[in-house]
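One-letter residues, chain by chain:
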Amino acid sequence: AKFKLECEIPDDLLIRISSSGEYSLLQKELAAKIIVRDLSPQGFFSYYKNFGFSIPEGAIDALINLRLKDEFLNADLEAQIRELTLTKDEIIAKLNSSVKANFKYSLSDKQLNGSLDIIDAKLKLEKIEPIFENINGKLEFSPSQLMWSGLSFKYLNAEYKTSGAL
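Definitions and limits used
- Residues numbered from 1 in each chain as written.
- Predicted model: local features only at pLDDT ≥ 70, side-chain atom pairs only at ≥ 80, totals over all residues.
- Heavy atoms only, no water.
- Helix = DSSP H or I, 4+ residues; strand = E, 2+ residues; numbered from the N terminus.
- Buried < 20%, exposed > 50% of the residue type's maximum accessible area, 1.4 Å probe, protein only.
- Pairing = 2+ DSSP bridges.
- Axes fitted to C-alpha atoms, helices over the stretch in contact; angles between N-to-C directions.
- Salt bridge = Lys/Arg side-chain N within 4 Å of Asp/Glu carboxyl O.
- Contact = heavy atoms within 4.5 Å.
- Core = buried A, V, L, I, M, F, W, Y, C linked by side-chain atoms within 4.5 Å.

Draft legend 1. Quick peek at the overall build of the protein. Within the protein one finds one helix and 10 strands. When the backbone C-alpha atoms are referred to their principal axes, the protein occupies close to 55 × 35 × 30 Å. The proportion of buried residues among the 166 residues of the protein is 27%.

So, in structure tokens, the structure goes:
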């Protein structure tokens, strides 16, 4: 069964969503392509408020290729982040970037694993001058760990590279 969806959601910016895909009854598999324009994360605060941060400004454009099969939801995402402001306690960060991500969610274990490629990001921290520029690298995550290797950035005209895990 094939489907197609187009909708608009009123918000500070008009969020536009289009989707198309197919569900295969024989293979019990859903494949979908979702395009989102001008997504404002502030409208989804109730979903991430327990993490202790807020996103009062910014917008995201994204292309998501989604696949659901055998108790696993896989998503490949390409996104453009514009003026996304993250706040936690007294930290305020503003982010502009392109990202590519891959997520795998187990419906049975309720476990999320994935990776995030950061491409030429700029990060402005409210109380630190100047801007962190040319941020590039890959983050990998699982329920128990966040890892990064070869994450590079430029600050005060000096190049830095870091690796680590939390």
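Draft legend 2. Quick peek at unusual backbone geometry. Here the bond from Glu129 into Pro130 is cis, since omega is -15°, no more than 30 degrees from zero. By the element assignment, Pro130 lies in the loop between strand 7 (111-125) and strand 8 (132-142). Residue Lys28 is not a glycine yet carries a positive backbone phi of 50°. Within the secondary structure layout, Lys28 lies in the loop between strand 2 (15-24) and strand 3 (29-39). A relative accessible area of 61% places Lys28 in the exposed class.

Draft legend 3. Structural view of the sheet that holds strand 10 (residues 158-165). Reading across the sheet, the 10 strands line up as 1-2-3-4-5-6-7-8-9-10 and stay open at both edges, with antiparallel pairing between neighbours. The sheet terminates laterally at strand 1 (2-9) and strand 10, the two strands that pair on one side only. For this sheet the average axis-to-axis angle between neighbouring strands, irrespective of direction, equals 10°. Bridge count for strand 1 against strand 2 is eight bridges, and the pairing is antiparallel. Bridged to Glu6 within strand 2 is Ser18.

Draft legend 4. Main features of the pattern of salt bridges. Taken as a whole and judged by the stated rule, the model has seven salt bridges. Between Asp38 and Arg16 there is a salt bridge, with its nearest N and O atoms 3.4 Å apart. Linking Asp38 in strand 3 with Arg16 in strand 2, this pair joins segments that are 22 residues apart in sequence. Classification of Asp38 as buried rests on a relative accessible area of 14%. For Glu29, the salt bridge identified is with Arg67, shortest N-O distance 2.6 Å. One end of the pair, Glu29, is in strand 3; the other, Arg67, is in strand 4 (residues 54-69), with 38 residues separating them in the sequence.

Draft legend 5. Inspection of the side chain of Thr85 at higher detail. Here Thr85 shows up in strand 5 (residues 72-88). On the basis of relative accessible area, Thr85 is assigned to the buried category, the value being 5%. In contact with Thr85, other than residues within four places in its own chain, are Ser54, Ile55, Pro56, Glu57, Ile92, Ala93 and Lys94.

Draft legend 6. Spotlight on the pairing of strand 3. Taken together, the nine bridges between strand 2 and strand 3 define a ladder with antiparallel strand orientation. Considered in strand 3, the bridge of Ser19 is made with Ile34. Turn length for the strand 2-strand 3 hairpin, with the two strands adjacent in sequence and antiparallel, is four residues, and the turn residue Lys28 shows positive phi of about 50°. As paired elements, strand 3 and strand 4 share nine bridges and run antiparallel to each other.

Draft legend 7. Inspection of the nonpolar core at higher detail. One finds Ala62, Ile64, Leu77, Ala79, Ile81, Ile118 and Ile135 to be the most contacted residues of the largest nonpolar core, which totals 25 residues. Elements with a contribution of two residues or more to this core: strand 3, strand 4, strand 5, strand 6 (91-106), strand 7, strand 8 and strand 9 (145-155). Top element by residues in this core is strand 5. It accounts for five residues. With sequence-adjacent residues up to four places away left out, Ala62 is seen in contact with Ile34, Ile35, Val36, Leu77, Glu78 and Ala79.

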